2 protein chains.
Amino acid sequence: MSSPDDKLSAEERLIAHYFKPVATHPGALGLADDAAFVTPPPGHDLVLKTDGAIAGVHFFPEDDASTVARKVLRMNLSDIAAKGARPLGFLVSVALPRDIDMAWVERFAQGLKADAEAYGCPLFGGDTDKTPGPITISVGMFGIVPTGTMVRRAGARPGDLIFVTGTIGDAALGLKLRLGADWMLDAGQREHLLSRYLLPQPRNAAAEAVRTHCSAAMDVSDGLAGDLTKLVRVSGVAATVEAAKVPLSGAARAAIAADPAMLETALTGGDDFEILCTVPPDRAAGFRAAAQTAGVAVTEIGAVAVGEGARFLDAQGAPLAFQRLSFSHF
Amino acid sequence: MSSPDDKLSAEERLIAHYFKPVATHPGALGLADDAAFVTPPPGHDLVLKTDGAIAGVHFFPEDDASTVARKVLRMNLSDIAAKGARPLGFLVSVALPRDIDMAWVERFAQGLKADAEAYGCPLFGGDTDKTPGPITISVGMFGIVPTGTMVRRAGARPGDLIFVTGTIGDAALGLKLRLGADWMLDAGQREHLLSRYLLPQPRNAAAEAVRTHCSAAMDVSDGLAGDLTKLVRVSGVAATVEAAKVPLSGAARAAIAADPAMLETALTGGDDFEILCTVPPDRAAGFRAAAQTAGVAVTEIGAVAVGEGARFLDAQGAPLAFQRLSFSHF
């Protein structure tokens with residue numbers, strides 16, 4: 001169960017060499033202590049999230065390690081954004097196969113560092129282990145919001161408008177492309193969809209707009225239809241979405257034109273990492289303005305009503321029947 | 001990379017059924033949101049730690065899942081204690097093989113619940129995934145200390161006395177027993193060592209004594225000799241320990257009597273989860289008294305001096321030469 005080691009252990013060397021440069025916050029103590037510390041700003045709540053990824057399950061083993069690191073961080077950053085919070089820092093655990101190439105670890109740490117800096121979310125601690133299994137990454141992230149203001153899933157009220165940020169379905173279509181789909185897209189369209197799968201663009205810039213104006217919010221990670229269903233379930237309301245209003249990229253439109261079944265993929269596929277939120281009608285103008293100021297596109301796609309369940313309507317007003325509401329890695 | 005699912009996903013069902021009962025804090029929102037929230041007490045720093053365990057690396061696959069859960073939590077609780085902090089809560093990620101027995105998950109969650117309650121450390125979020133590899137668990141834990149008072153490894157000064165809590169070496173000897181060692185121990189002695197390996201007893205009761213009186217502290221998880229070496233390295237000092245002063249259980253003494261090589265195992269083996277700390281001489285009486293009030297045994301084992309490195313002396317005052325300073329899973 002153990003192997004002997006002298007002086008600085010292999011894990012210590014790995015941490016000092018690759019991960020210490022990511023831990024730039026003074027409270028991280030250069031990752032040379034048992035724990036780290038940080039003083040949370042007064043008058044704020046912590047917002048806590050953990051999400052991870054496993055090679056061969058959530059990413060392709062051949063994916064660039066830097067991109068993998070950034071995707072796992074961004075999966076968590078997206079949740080922090082959807083709660084109206086700003087990131088404060090993160091912890092990371094990485095289980096590595098014994099034959100791991102140290103170049104992989106170096107690239108992984110470089111990816112963490114790039115996004116830790118880009119999102120103002122420093123590393124506060126890590127744990128590295130050897131595993132007989134695949135590369136397994138877990139991130140624990142903590143953000144902050146003014147006390148009592150975390151935006152929840154439960155909070156949508158009849159009459160609220162439903163918005164999403166960005167575009168929907170790109171990542172799910174990118175994964176289909178990766179797995180061999182061919183819709184005769186041009187190179188730019190292919191690249192758009194593939195990159196949206198590989199590297200999410202979480203909407204942290206919109207967090208303050210969400211916190212200020214939204215009655216409920218969540219990030220779209222398991223597919224818009226399934227995630228909206230979760231939101232209305234815990235809110236105790238119903239939702240109706242006009243499918244034609246759901247914002248799609250030009251590349252996604254081209255894929256759907258080539259294969260209409262891809263509309264369902266776009267609306268139920270995962271890895272969007274956009275924000276789905278509900279906004280009281282009298283806050284809609286303010287929400288649009290705040291999102292615009294933040295540089296994040298938002299689109300109204302439907303409305304909340306009394307009842308239960310989420311319905312997607314086609315151009316004729318008939319409900320779309322999906323084979324499934326969302327994809328699950330589980 | 002994905003499998004379809006309808007309505008409540010398999011992961012949602014698993015979380016709702018097994019893990020929701022562990023998430024008793026109102027800010028956990030019954031694990032039915034993207035994230036959780038908690039209001040940290042004013043005037044405190046957060047103390048952040050992550051540590052995990054993998055089946056076949058850190059625990060035996062046949063170990064009771066409840067005990068595995070409690071051990072992983074306690075590994076993290078021990079670090080929080082050694083920093084003088086009290087636990088506030090934790091996040092957990094669990095990667096499960098596809099053929100996992102749901103009874104294992106149920107027992108695992110029961111173990112989490114038992115220790116979350118025993119240590120006042122509620123669950124704030126989780127992530128479950130399927131893995132082609134072994135069971136892989138990662139915990140992210142956060143504690144609190146009054147601002148600026150986290151006890152660090154770097155802080156030992158020449159003249160300080162060196163203390164440890166509890167007894168040293170039991171877990172490493174318990175692992176040897178588990179792997180087939182036979183020192184003709186009686187049943188009670190065997191049970192003591194085996195249980196110390198299986199289920200650490202972190203010294204969270206002593207956290208306040210550590211915070212109030214210690215100049216430096218860390219938990220002993222990779223072996224006393226190696227961990228003391230780390231502490232003096234970052235403190236820029238030397239340490240001398242009289243091996244005869246190191247507190248050993250009766251069972252450990254019996255094992256060493258049967259095989260004197262087991263002294264090195266006791267002093268360099270891992271999984272003690274005791275607190276190693278340094279105390280200025282004028283605080284020693286106060287530290288002893290505070291620890292006694294907390295019900296935690298503490299033993300003075302040596303002293304800090306100018307210089308570098310950690311030396312262990314035998315009864316004749318000669319340095320013990322260890323084949324290795326600590327064990328590493330890595």
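Named according to an unreviewed UniProt entry, chain A is Thiamine-monophosphate kinase originating from Pseudolabrys taiwanensis. Listed under Sequence similarities (unreviewed entry) in UniProt, the entry text for chain A is "Belongs to the thiamine-monophosphate kinase family." Taken directly from UniProt, the Function (unreviewed entry) text for chain A runs: "Catalyzes the ATP-dependent phosphorylation of thiamine-monophosphate (TMP) to form thiamine-pyrophosphate (TPP), the active form of vitamin B1."

**Student:** I would appreciate a short explanation of the overall build of chain A in the present structure.
**Tutor:** Each helix and strand counted, chain A has 10 helices and 13 strands in total. Counting only C-alpha atoms, chain A reaches 70 × 50 × 35 Å along its principal axes. Evaluated residue by residue, chain A yields a buried proportion of 61% over its 330 residues. Nonlocal contacts in chain A, meaning residues at least 24 apart in sequence, comprise 85% of its contacts between residues at least 6 apart.

**Student:** When you look at the interface of chain B and chain A in this model, what are you seeing that I'm missing?
**Tutor:** Size of an interface, as often reported, equals the accessible area lost when the parts are brought together. The interface of chain B with chain A comprises 82 residues on the first partner and 82 residues on the second. Summed over both sides, the interface of chain B with chain A buries roughly 6800 Å², with 59% coming from carbon and sulfur. The interface formed by chain B and chain A holds 8 salt bridges in total. Close ionic contact of A:Glu12 with B:Arg233 constitutes a salt bridge, the shortest N to O distance being 3.9 Å. Across the contact surface, chain B and chain A share 26 residue pairs in polar contact (both at pLDDT 80 or more). No other element matches the 10 residues that strand S3 (residues 44-54) of chain B contributes to the side of chain B that touches chain A. Along the lines of polarity and charge, the residues of the side of chain B that touches chain A split into 37 nonpolar, 23 polar and 22 charged.

**Student:** Sorry if this is basic, but what is going on with the domain arrangement of chain A here?
**Tutor:** Residues and elements named next belong to chain A. With domains assigned, chain A is organised as domain 1 (10-146) and domain 2 (161-313). For domain 1 versus domain 2, the distance between C-alpha centres works out to 26 Å. Counting residues at the interface gives 22 residues for domain 1, matched by 20 residues for domain 2. For the pair domain 1 and domain 2, the summed buried surface comes to about 1800 Å²; carbon and sulfur atoms form 59% of the total.

**Student:** Please clarify how the packing of helix H2 (residues 65-82) of chain A against helix H3 (residues 102-118) of chain A should be interpreted in this entry.
**Tutor:** How two helices sit against one another is set out by the angle between their axes and by the gap between those axes. All names here are of chain A. Axis separation between H2 and H3 bottoms out at 7 Å; the angle between their running directions is 40 degrees. The angle between H2 and H3 falls in the class oblique. By crossing handedness, the relation of H2 to H3 is classed as right-handed. Residues Ala65, Ser66, Ala69, Arg70, Leu73 and Arg74 of H2 pack against Trp104, Arg107, Phe108, Gly111, Leu112, Asp115 and Ala116 of H3.

**Student:** Is there a simple way to think about helix H7 (residues 224-235) of chain B in this case?
**Tutor:** Structural remark: α-helix, 3.6 residues per turn; residues separated by three or four positions point the same way. Residues and elements named next belong to chain B. Taking 1.5 Å of rise per residue, 12 residues should cover 16 Å, and H7 covers 16 Å from first to last C-alpha, within 8% of that figure. Among the residues of H7, those classed as buried are Leu224, Ala225, Gly226, Asp227, Leu228, Thr229, Lys230, Leu231, Val232 and Ser235. Phi for Gly236, located one or two positions after H7, is positive at around 70 degrees.

**Student:** Help me understand the pairing of strand S9 (residues 238-242) of chain B, please; the structure alone is not making it clear to me.
**Tutor:** Sheet faces and side chains relate simply in a regular strand, where the side chains alternate between the two faces. All names here are of chain B. Bridge count between S9 and strand S11 (residues 298-305): 4 bridges; the pairing is antiparallel. Bridging from a neighbouring strand, Ala238 pairs with Ala305 of S11. Where S9 and strand S12 (residues 309-313) come together, 5 bridges link them in parallel fashion. When the sheet's bridge partners are listed, Glu242 is paired in S12 with Leu313.

**Student:** Is there a simple way to explain the UniProt feature "binding site: Mg(2+) 1" (unreviewed entry) in chain A in this structure?
**Tutor:** In the numbering used here, UniProt assigns the "binding site: Mg(2+) 1" (unreviewed entry) feature to A:Thr50, A:Asp51 and A:Asp127. Along the chain, A:Thr50 falls in strand S3 (residues 44-54). Given a relative accessible area of 4%, A:Thr50 falls into the buried group. Beyond its immediate stretch of four places on either side in the chain, A:Thr50 contacts A:Asn76, A:Ser138, A:Val139, A:Gly140, B:Leu91, B:Val92, B:Ser93, B:Gly125, B:Gly126 and B:Asp127. At 2.9 Å, the side chain of A:Thr50 forms a polar contact with the backbone oxygen of A:Val139. Locating A:Asp51 in the fold gives a position in strand S3. Classification of A:Asp51 by relative accessible area gives buried; the value is 16%. Setting aside its immediate chain neighbours within four residues, A:Asp51 contacts A:Val72, A:Met75, A:Asn76, A:Ser138, A:Val139 and B:Asp127.

The rules behind the values
- Residues numbered from 1 in each chain as written.
- Chains lettered and ligands numbered in written order.
- Predicted model: local features only at pLDDT ≥ 70, side-chain atom pairs only at ≥ 80, totals over all residues.
- Heavy atoms only, no water.
- UniProt positions renumbered as here; feature names shortened; annotations may be inferred.
- Helix = DSSP H or I, 4+ residues; strand = E, 2+ residues; numbered from the N terminus.
- Buried < 20%, exposed > 50% of the residue type's maximum accessible area, 1.4 Å probe, protein only.
- Contact = heavy atoms within 4.5 Å.
- Buried area = accessible area lost by both parts, 1.4 Å probe.
- Salt bridge = Lys/Arg side-chain N within 4 Å of Asp/Glu carboxyl O.
- Polar contact = N/O pair within 3.5 Å; in protein donor to acceptor, adjacent residues only side chain to side chain.
- Nonpolar A, V, L, I, M, F, W, Y, C, P; charged D, E, K, R; others polar.
- Domains from an automatic or database assignment.
- Axes fitted to C-alpha atoms, helices over the stretch in contact; angles between N-to-C directions.
- Parallel < 35°, antiparallel > 145°, perpendicular 65-115°, else oblique.
- Left-handed = near helix turned anticlockwise from the far one by under 90°.
- Expected span 1.5 Å × (residues − 1).
- Pairing = 2+ DSSP bridges.

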